[in-house]
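# Remarks on the overall topology
Letter by letter, the chains look like this.
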Amino acid sequence: GRTGSYGVGDYDCFLARLNANGDTVWTRTYGTGLYDEVQSVHQTADGGFIMAGHTAAFTDFNGDAYLLKTDANGILQWAKVYGLANFRDRGYSVRQTVDGGYIIAGETNGYGAGGLDMLLIKTDAAGTVTWSKTFGGANDETARSVRQLPDGGYILAGYTKTYGAGPG
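Heads up: these notes are all about the structure in this document.

Conventions used here
Numbering of residues starts from 1 in every chain and runs along the sequence as written. The predicted origin of the model limits local features to residues at a pLDDT of at least 70 and limits the giving and counting of side-chain atom pairs to 80 or more, whereas totals for whole chains, interfaces and linings rest on all residues. Remark: hydrogens and water are excluded; side-chain values derive from all non-hydrogen atoms of the structure. The numbering of helices and of strands both runs from the N terminus, where a helix is a DSSP run of H or I of at least 4 residues and a strand a run of E of at least 2. Burial classification: accessible surface area is computed with a 1.4 Å probe over protein chains only, and a residue below 20% of its type maximum counts as buried, one above 50% as exposed, and the rest as partly exposed. Contacts were defined at the residue level, with two residues in contact if any of their heavy atoms lie within 4.5 Å. Contacts described as polar in this section are N or O atom pairs within 3.5 Å, which, within protein, must combine one atom able to donate a hydrogen with one able to accept it, while residues neighboring in sequence count only if both atoms come from side chains. Think of a nonpolar core as a cluster: buried Ala, Val, Leu, Ile, Met, Phe, Trp, Tyr and Cys residues, connected wherever their side-chain atoms sit within 4.5 Å.

Turning our attention to the environment of glutamate 107. Its place among the elements puts glutamate 107 in strand S9 (residues 102-108). Given the relative accessible area of 1%, glutamate 107 is considered buried. C-alpha of glutamate 107 to C-alpha of glycine 91: the two residues are 16 residues apart in sequence and 6.8 Å apart in space. Every residue in contact with glutamate 107, bar those within four places of it in the chain, is listed here: Arg88, Asp89, Arg90, Tyr92, Leu116, Asp117, Leu119, Glu141 and Thr142. Among the polar contacts made by the side chain of glutamate 107, one reaches the side chain of tyrosine 92 at a distance of 3.1 Å.

With that out of the way, let us pick up the nonpolar core. By size, the foremost hydrophobic cluster in this structure holds eleven residues: Ile50, Ala52, Ala65, Leu67, Trp78, Tyr82, Val94, Tyr102, Ile104, Leu119 and Ile121. Of all elements in the fold, only strand S5 (49-55), strand S6 (64-70), strand S7 (76-82), S9 and strand S10 (117-123) reach the threshold of two or more residues within this core. Apart from the residues within four sequence positions on either side, tryptophan 78 is in contact with Ile50, Leu67, Leu68, Lys69, Tyr102, Ala125, Ala126 and Gly127. Ranked by size, the runner-up nonpolar core spans nine residues in total, among them Cys13, Leu15, Val38 and Leu68.

Here it is as structure tokens:
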């Protein structure tokens, strides 16, 4: 999530490790000094954590997708930013892939078919983009969850204002 109570400034990403009884083992904040928020966390094969969200520190308040990797104690190993200046790019879901990289699902209005489009970013283990795709129509679409399938492909879940039986 995020916190405005402590950290480096404005809102910062917040991660808390709890034991099996729900007691706090440790808490950490990560940030750039401006608005930073995580939407998804997943434990990685090495016992650390991968988080996806967005930051407003590098372009403008529209924000960029933000990927952070920590060790098992929550110590930041690296952070990556993905997006175009003056556009909205956000990460809402992240998972480690079978090749040791990461898959991020979210939204963008920087490229795609129009409005907000579903954004899917595949990275290697160091967070370097190997490919990215957008999905959507003339109105808004957002991906809120992603999983890798046994055949190596991916499945996205989210919402659409373009397709389906409801008003577009």
